[in-house]
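Below, each chain spelled out in residue letters.
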Amino acid sequence: MSLQTPRVLPAHLHAFHPSNANPHVTNTVRILGTVTALRGDTATITCGDNGDVTLILKPDSHLQMGKLVEVVGKVTDVEGQGLGVRVLGSFDWGNPSDCGMLFPSFLDRELWLMVVL
Amino acid sequence: MDNYGYGSSSYGGGGGFVPGETNSPAAGKSADGNNTTLRPITIKQALDATQPYPEADYQIDGADVGSICFVGQVRNISTQSTNITYRIDDGTGEIEVKQWVDSATADTMDTDDSKAGAGKNQVVNNGYAKIFGKLKTFGNKRFVGSHCVRPLTDINELHCHMLEAVAVHLFFTRGPVGGSGGAGAAAGGAGGADATMGGVDDYSAGRNLPAMSPVARRVYNLLKTEPQSNEGLHAQLIAAKLSLPMPDVARAGDELLTAGVIFSTVDEQTWAILDY
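As the structure is a computational prediction, the values presented were derived from the model and not from experiment. (Residues numbered from 1 in each chain as written. Chains lettered and ligands numbered in written order. Predicted model: local features only at pLDDT ≥ 70, side-chain atom pairs only at ≥ 80, totals over all residues. Heavy atoms only, no water.)

A.B. asks: Account for the packing of helix H6 (residues 214-225) of chain B against helix H7 (residues 235-242) of chain B, naming residues and giving values.
C.D. replies: Residues and elements named next belong to chain B. One way to put it is that H6 packs onto H7 with a least axis distance of 11 Å and a crossing angle of 105°. It follows from the interaxial angle that H6 and H7 lie roughly perpendicular. Along its contact with H6, which presents Arg 218, Val 219, Leu 222 and Leu 223, the element H7 presents Ile 238, Lys 241 and Leu 242. Its residues assigned to classes, the contact of H6 with H7 comprises five nonpolar, no polar and two charged. (Axes fitted to C-alpha atoms, helices over the stretch in contact; angles between N-to-C directions. Helix = DSSP H or I, 4+ residues; strand = E, 2+ residues; numbered from the N terminus. Parallel < 35°, antiparallel > 145°, perpendicular 65-115°, else oblique. Contact = heavy atoms within 4.5 Å. Nonpolar A, V, L, I, M, F, W, Y, C, P; charged D, E, K, R; others polar.)

A.B. asks: Break down the environment of B:Asp89 for me, citing the residues and quoting the values.
C.D. replies: The topology assignment puts B:Asp89 in strand S5 (residues 83-89). Along the sequence, B:Asp89 and B:Asn76 sit 13 residues apart, while their C-alpha atoms lie 9.7 Å from each other. Excluding residues that lie within four positions of it along the chain, B:Asp89 makes contacts with A:Leu3, A:Thr5, A:Arg30, B:Ile43, B:Gly72, B:Gln73, B:Arg75 and B:Glu94. One polar contact links B:Asp89 to A:Arg30, side chain to side chain, over a distance of 3.2 Å. (Polar contact = N/O pair within 3.5 Å; in protein donor to acceptor, adjacent residues only side chain to side chain.)

A.B. asks: Account for the sheet that holds strand S10 (residues 262-264) of chain B, naming residues and giving values.
C.D. replies: Residue and element names in this part refer to chain B. Ordered in space as S9-S11-S10, the three strands form an open sheet in which the pairing is antiparallel. Two strands lie at the open edges of the sheet, namely strand S9 (233-234) and S10, each paired on one side alone. Set on the sheet, helix H8 (residues 246-259) makes contact with S10 and strand S11 (270-273); between it and S10 the angle comes to about 110°. (Pairing = 2+ DSSP bridges.)

A.B. asks: Which residues make up a negative patch on the surface, and what are the values?
C.D. replies: A cluster of like negative charges, contributed by B:Glu231, B:Asp254, B:Glu255, B:Asp267 and B:Glu268, occupies part of the molecular surface. Along the polypeptide, B:Glu231 turns up in the loop between H6 and S9. (Patch = residues over 30% accessible without salt bridge, like charges linked within 9 Å, V, L, I, M, F, W, Y side chains within 5 Å. Areas by Shrake-Rupley, 256 points an atom, 1.4 Å probe, with all protein chains shown as cover. Salt bridge = Lys/Arg side-chain N within 4 Å of Asp/Glu carboxyl O. Lys, Arg positive; Asp, Glu negative; His and termini not counted. Charge placed at Lys NZ, Arg CZ, Asp CG, Glu CD.)

A.B. asks: Before we move on, could you go through H6(B) and cite the residues and values that matter?
C.D. replies: Since one α-helical turn is 3.6 residues long, residues separated by three or four positions face the same way. Its 12 residues place the ends of H6(B) 16 Å apart at the C-alpha level, agreeing with the 16 Å of an ideal helix rising 1.5 Å per residue. Along its buried surface, H6(B) packs onto helix H4 (155-174), S9, H7, H8, S10 and S11 of chain B. (Expected span 1.5 Å × (residues − 1).)

A.B. asks: Quick one: what's the story with the side chain of A:Thr28, residue by residue and with numbers?
C.D. replies: Residues and elements named next belong to chain A. In this fold, Thr 28 is placed in strand S2 (residues 28-39). For Thr 28, a relative accessible area of 12% translates into the label buried. At a separation of 3.2 Å, a polar atom in the side chain of Thr 28 contacts the side chain of Lys 74. Excluding residues within four positions of it along the chain, Thr 28 makes contact with Gln 4, Thr 5, Pro 6, Val 72, Gly 73, Lys 74 and Leu 88. (Buried < 20%, exposed > 50% of the residue type's maximum accessible area, 1.4 Å probe, protein only.)

A.B. asks: Requested: an account of the packing of aromatic side chains, with residues and values cited.
C.D. replies: The tally for this structure, following the rule as stated, stands at four aromatic pairs over all chains. Ring geometry for A:Phe91 versus B:Tyr128: centroids 5.3 Å apart, planes at 70°, classification edge-to-face. Here A:Phe91 is found in strand S6 (residues 82-94), whereas its partner B:Tyr128 is found in strand S7 (residues 128-138) on a different chain. Here A:Phe91 and B:Tyr128 have matching classes, each one buried. Between A:Trp93 and B:Tyr128, the ring centres sit 4.7 Å apart and the planes meet at 40°, which makes this aromatic pair tilted. In this pair, A:Trp93 sits in strand S6 while B:Tyr128 sits in strand S7, so the two residues belong to two different chains. For the pair shown, A:Trp93 and B:Tyr128 are each scored as buried. An aromatic cluster is present here, built from A:Phe91, A:Trp93 and B:Tyr128 joined pairwise through their rings. (Phe/Tyr/Trp six-rings, centres within 6.5 Å; stacked < 30°, edge-to-face > 60°.)

A.B. asks: Which residues make up the pairing of strand S5 (residues 68-78) of chain A, and what values do they have?
C.D. replies: All names here are of chain A. Burial analysis of S5 places nine of its 11 residues in the buried class, which makes it a mostly covered element. In this structure, S2 lies alongside S5, joined through seven bridges in antiparallel fashion. Looking at S5, one finds that Ile 31 is bridged to Val 71. In terms of strand pairing, S5 meets S6 through 11 bridges, oriented antiparallel. Bridged to Glu 70 within S6 is Phe 91. Between the antiparallel neighbours S5 and S6 lie three residues, among them Gly 80 with a positive phi of about 75°.

Next comes the structure, spelled out in structure tokens:
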């Protein structure tokens, strides 16, 4: 079984929480958003109109305010804030305004799952 | 009814009938390197691709694949004397990509690079890349033999690729956009996958067709467009025209008979479109 990191929206995080009974579901996801808050070891990214996600950073994550980032991480509980993502790796896509259409691949999540999973 | 060997259907059929070839030139012709299609896919699809028999073309969604292209993040680069091996991850899976180093081309590429500014056009670890190549297997391990691995820096290109992969997948599994009601409705979520996908072949005319395999669709299409008497066409002739092995045509025929869109006329192997 190869490693999969599904591209998700904040609303999908619960389906990938470790408490999820289905052992075939991975806890590692990919999420794309604009960095809107940096607080030392945590950060917040905003995924367009689809809500915010709290990230738990690693010491060597170098997120920059206002940049569009793609994060690969594990879904975990964040104290007092519900679900969040523990960052394993991040990729900086640069300026959010250079991204013509945010998240087209998530338009129909069921459809997308059908192709990739 | 599957007694026909591959040989009998390959070139023998047609006996004196000179066809006005109305099908797309790409139809048929597989396993001999003549498949010049380039299909956008995800790595999951590459890993799940099947081979009907050893040495045959790989198939994804029941359609032969020639060349493929995909995008993903580079997880590892290992440079050897004869090839560069990349490990690529696109979120749907991971696959190894081998790019053979030809000393002659390597030299010219070096010159090009130095002109363009060295290091600017480099594929780097954890960066995104777009890969063009062909599916291969060595031992039990699947990999991609690539002739082009280039860096990808625009996120729109990533999104575009993923949508293309979905659109092509839907084309092969559910038929062209607007072709059948069921497909159109189910694919509604994909929204604007536009009419260009439907333009590939004129399936869309007439009434709604049930979901069917690509081969069955081609057989149906031939029956629809080929000049014929009211006896329809014989399976052998269909096999010859579409360059398909007889068993495939027989299976497609069964499918179409079951779906009630064709009927057998003078014998069980001669079919005509069931029009009403």
